[in-house]
Amino acid sequence: MKFESLRISGLRCLDGVSLTPSAGINVFVGPNGAGKTSVLEAAYLLSHGRSFRAGSRDVLLKRGASALSVFAEVRHADGSLRRLGLGREGSRWQARVDGDAAASLGALVQECAVVCFEPGSHDLIAGASDERRRYLDWGLFHVEHAFVSQWRRYQRALKQRNTLLRAGGSPDPAWLAPWEAELALAGESITAFRRRYLERLLTHIQGFMVNVLPELGGFNIKYRPGWDETADLASTLAERRQRDLARGHTTVGPHRADFSVAFEHAPLREHLSRGQEKLCALACLLGQASLHAEIRGEWPVVCLDDLASELDRTHQEWVVAQLLGRDAQVFVTGTEIPSALTEQPVTLFHVEQGAVTALL
Ligand SMILES: Nc1ncnc2c1ncn2[C@@H]1O[C@H](COP(=O)(O)OP(=O)(O)OP(=O)(O)O)[C@@H](O)[C@H]1O
Ligand SMILES: [Mg+2]
């Protein structure tokens, strides 16, 4: 998919910004603090319902402003055009698809696919497990409709069981049992979806990894479902009741799942340098985009924040060549045009104090 237009208001330092990116590589240049990363955040917000930077979605609201909105016209490979929007007025967030209020944020997010490689991307490898679950679930959300209903079912049951656990005392097992049955059913289903997805994803990631980190040898991913699989989830939940009561929340299940990465010559992630973590994350993001393209028939928009300071010249050139060869729309930021792009046909935008201007 490709953005044909993007309008941003009340997002950090951006207000009244309107841009028409090209279908190829778009470069946003400007000094530090100008608003370049914020442009990428706006695009990402439509596709994830949140920012890739730390903090709640609410910190995006421009200081002193009462409303935030991002609108986009998005062209899909089949020629169809969608009008997407997400805004916050007062304390309410509202998603829009083709002018109508969307039933949920998920309904918007499923219409828009943006992947972003940015200075915090190494967290996918070295950060907390929720980064990796979000990565998997975002991919599944966009390619597997049946996953969405199971995921919602699971979240609802988890909330109910946790409320009962937190209420204190010794809740009657008869109250917990129905939610545990629901958690087990949806949880086993989510696990199966994630495993199948990872299996397909691995092939795509490996295809990129042999180029970005050839010196580390073969690459593999190991999924841990969030409970000890010597027993099924239903009996594990029942067996954990007392401990969960003491902790006040559910300690087993897919909401505790994780995966680890391993290379033939770097079996532990602690063996990787910071730069290698970044390259590993880059291959994972490109792999996800490539699997998305295989299933949906179109590449997501790829954002590369601060490309020149994140990757050495060889890897910058490599990633640009990959994306050019796949007809992906790309948003790149930098204080200057990255050296790998000086010879490429790019659409250039200048960003200064929150104003975005197209340069001819
Ligand atoms: N909620 C907010 N309201 C108003 N301004 C904000 C808010 N949050 C951040 N800013 C400001 O918005 C500006 C844009 O930040 P952004 O990270 O997009 O800049 P950048 O061009 O990517 O800079 P760098 O080159 O340093 O990465 C910064 O000056 C920042 O202080
Ligand atoms: Mg920035």
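Residues numbered from 1 in each chain as written. Chains lettered and ligands numbered in written order. Predicted model: local features only at pLDDT ≥ 70, side-chain atom pairs only at ≥ 80, totals over all residues. Heavy atoms only, no water.

In the annotation of an unreviewed UniProt entry, the entry for the protein chain reads DNA replication and repair protein RecF, and the organism field reads Luteibacter yeojuensis. Its UniProt record gives the protein chain the following Function (unreviewed entry) comment, quoted word for word: "The RecF protein is involved in DNA metabolism; it is required for DNA replication and normal SOS inducibility. RecF binds preferentially to single-stranded, linear DNA. It also seems to bind ATP." Word for word, the UniProt comment on the protein chain under Subcellular location (unreviewed entry) is "Cytoplasm". (UniProt positions renumbered as here; feature names shortened; annotations may be inferred.)

1. Observations regarding the layout of surface pockets
Approximately 1200 Å³ is the volume attributed to the largest pocket. Lining the largest pocket are 41 residues, and of these His48, Arg50, Arg134, Tyr135 and Trp138 lie nearest its centre. Of all the secondary structure elements, the ones that give two or more residues to the lining of the largest pocket are α1 (36-48), α2 (105-109), β8 (114-117), α3 (123-126), α4 (129-143), α5 (145-166), α6 (173-212) and α9 (274-296). The biggest single contributor to the lining of the largest pocket is α4, with eight residues. Looking at side-chain class alone, the lining of the largest pocket contains 17 nonpolar, twelve polar and twelve charged residues. Split by domain, the residues of the lining of the largest pocket number at least three in each of domain 1 (1-113 + 300-360) and domain 2 (126-294). (1 Å grid on protein atoms, 1.4 Å probe; cavity = no way out; pocket = protein on both sides within 12 Å on 5 of 7 lines; lining within 4 Å. Points joined across faces, edges and corners; volume = space filled by probe spheres on them. Helix = DSSP H or I, 4+ residues; strand = E, 2+ residues; numbered from the N terminus. Nonpolar A, V, L, I, M, F, W, Y, C, P; charged D, E, K, R; others polar. Domains from an automatic or database assignment.)

2. Some thoughts on the sheet that holds strand β12 (residues 330-334)
An order of β8-β11-β12-β3-β13-β14 is seen for the six strands of this open sheet, with the pairing classed as mixed. Pairing within the sheet leaves two strands with one partner each, and these edge strands are β8 and β14 (355-359). Across the sheet, the mean angle from the axis of one strand to that of its neighbour is 20 degrees, orientation sign disregarded. Taken together, the five bridges between strand β13 (residues 346-352) and β14 define a ladder with antiparallel strand orientation. Across the sheet, the residue bridging to Glu352 is Ala355, located in β14. Most of the contacts of helix α11 (residues 313-324) go to strand β11 (residues 301-304), to which it runs at about 165 degrees, and overall it touches β3 (25-29), β11 and β12. (Pairing = 2+ DSSP bridges. Axes fitted to C-alpha atoms, helices over the stretch in contact; angles between N-to-C directions. Contact = heavy atoms within 4.5 Å.)

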